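This is what each chain is made of:
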Amino acid sequence: MKNFGIILILLVFFLTPIIPANLIHAGENGDEQHPYRLSSWQDRSLMIINDDLIPLSEELTRFTVDYPRNVRIDDYLEYYLGYYLIETFEDLLTLQLWGNDPDLKFLLTADIDLSDHPGFYIPVFKGEFDGNGYTISNLYISGGADSALFGAAESALISNLTVSNADVTGTNYVAILVGRQTYSTISNCHVSGNVTGQLHTGGLVGRSSLYSLIEYCSNAATVTGGTSTGGIVGRQYWISSVKYSYNTGIVNNGSGIVGNNYNFSFIQRCYNTGSINGSGIAGFNGLLSEITGSFNTGDITGGSGIAGTVEGGRVYYCYNVGDVSGTSDVGGLVGNLYPDWHWIDDD
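The shown structure was predicted, so the numbers you read here are calculated from the model rather than taken from an experiment. (Residues numbered from 1 in each chain as written. Predicted model: local features only at pLDDT ≥ 70, side-chain atom pairs only at ≥ 80, totals over all residues. Heavy atoms only, no water.)

> Just checking my understanding: could you explain the overall build of the protein for this structure?
In terms of helices and strands, the protein carries four helices and 39 strands. Within the protein, the proportion of its 347 residues that are buried is 49%. Residue pairs at least 24 apart in sequence account for 72% of intrachain contacts in the protein once pairs closer than 6 positions are excluded. Of the roughly 15800 Å² that the protein leaves accessible, carbon and sulfur atoms contribute 52%. (Helix = DSSP H or I, 4+ residues; strand = E, 2+ residues; numbered from the N terminus. Buried < 20%, exposed > 50% of the residue type's maximum accessible area, 1.4 Å probe, protein only. Contact = heavy atoms within 4.5 Å. Areas by Shrake-Rupley, 256 points an atom, 1.4 Å probe, with all protein chains shown as cover.)

Below, the structure is given as structure tokens:
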């Protein structure tokens, strides 16, 4: 019995959830059983550790399992015909908490100005967001990876939305609308402003992969990046597509539509009219990827009218009428053409 008692004490000790002693909840005190139970979803952004305020996006990943949630989305958003309605910034803020629920649909019902909310973004989105023809303006982000209105989209649908006069700076997966997307669709979305990144930078999307689709979209932003930079998307691969989309913005060190297009991916019926320091449609097109029915009319410096390099991919039914200038590997349509298939990965 003595050994049994010791074992029981040890089990209770190891199975009891451990909450850091220096964790202070700035909302409701709760009770002995649930000392960190929250009275509203806003309280989740008021977690303090070592006297430092923890941003909501970080708190979600670090502390969700430390306490139960007793809040319901229906207490904060109006529900109509299958959609939760987004009318104000406070409504949009709820997506930081409920945006990662794949079963939820959101409908924008008014324009939203983010001038007074610099740094706002939605870390992960997995549901459906219908912009309903409205505009989110003055997005401002200066961050690291996944810098965009929607940092990451996973099995999501984002449609009918304009994001105007944005100013986004980051490192990897940087764009105005979505930093990186997988198994997702973006349809009829349009962006303008300025974007600056280092790896996988796009006006609309930083990186698009795994059966993702971008269609009927446009970029009017100035885009500046390092590796894999494009007016619509920086990097696209693994059976993903950009269709019926166009770029009118200036792109520095990139391409008008897709910076890097490969691994069975497709650019179909797209065009560029913007001035490009790079190539008109794609910088690289390879490994059974295709550019079809696309054209360029913008001025091209240091690249080619359609694709900088084609390696194991195809380009057909395309044309260029823009001025092209450069010192090496420059062409009216393609700068470098290689017949071999190659595996390229710059992650």
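> Looking at this structure, I do not really get the state of the cysteines. What am I missing?
In a disulfide, the sulfur atoms of two cysteines are held together by a covalent bond. Under the defined criterion, the tally for this structure stands at zero disulfides. No disulfide involves Cys-217; its sulfur sits 5.0 Å from that of Cys-189, the nearest cysteine. Not engaged in a disulfide, the cysteine Cys-318 finds its nearest cysteine sulfur in Cys-270; these two sulfurs lie 9.6 Å apart. For Cys-318, a relative accessible area of 16% translates into the label buried. (Disulfide = S-S within 2.5 Å.)

> Is there a simple way to think about the nonpolar core in this case?
Generally speaking, nonpolar side chains in soluble globular proteins are found buried as a group. One finds Phe-106, Phe-150, Leu-161, Leu-177 and Leu-204 to be the most contacted residues of the largest nonpolar core, which totals 57 residues. A per-element tally of this core places strand S13 (residues 157-169) first, with five residues. Here Leu-161 is in contact with Leu-108, Phe-129, Gly-131, Tyr-134, Ile-136, Leu-149, Phe-150, Leu-177, Asn-188, Cys-189 and His-190, once residues within four sequence places are set aside. (Core = buried A, V, L, I, M, F, W, Y, C linked by side-chain atoms within 4.5 Å.)

> Whenever I open this one, the packing of aromatic side chains confuses me. Can you help?
Two numbers describe a pair of aromatic rings. These are the distance of the centres and the angle of the planes. On inspection of all chains with the given rule, the structure shows 16 aromatic pairs. Of the aromatic side chains, those joined through ring pairs into one cluster are Tyr-79, Tyr-84, Phe-106, Phe-125, Phe-129 and Phe-150. The aromatic ring of Tyr-83 is capped on one face by Lys-105, whose charged end is 5.8 Å from the ring centroid. The aromatic ring of Tyr-237 is capped on one face by Arg-235, whose charged end is 4.2 Å from the ring centroid. (Phe/Tyr/Trp six-rings, centres within 6.5 Å; stacked < 30°, edge-to-face > 60°. Lys NZ or Arg CZ within 6 Å of the ring centre and 35° of its normal.)

> Is there a simple way to explain the pattern of salt bridges in this structure?
A side chain with one charge may pair with a side chain of the opposite charge, provided their charged atoms come close. Across all of its chains, the model carries five salt bridges by this definition. Among the ionic pairs, Glu-128 bridges to Lys-105, the shortest N-O distance being 4.0 Å. With Glu-128 in strand S9 (residues 128-130) and Lys-105 in strand S6 (residues 105-108), the pair connects residues that are 23 residues apart, well separated along the chain. Here Lys-105 falls in the partly exposed class, since its relative accessible area comes to 37%. The residue Lys-126 makes a salt bridge to Glu-154 at a minimum N-O spacing of 3.7 Å. Remark: Glu-154 occurs in strand S12 (residues 150-154) and Lys-126 occurs in the loop between strand S8 (122-125) and S9; sequence separation between them is 28 residues. The partly exposed category is assigned to Glu-154, whose relative accessible area is 28%. Salt bridges sharing common partners tie together Arg-72, Asp-74 and Asp-75. (Salt bridge = Lys/Arg side-chain N within 4 Å of Asp/Glu carboxyl O.)

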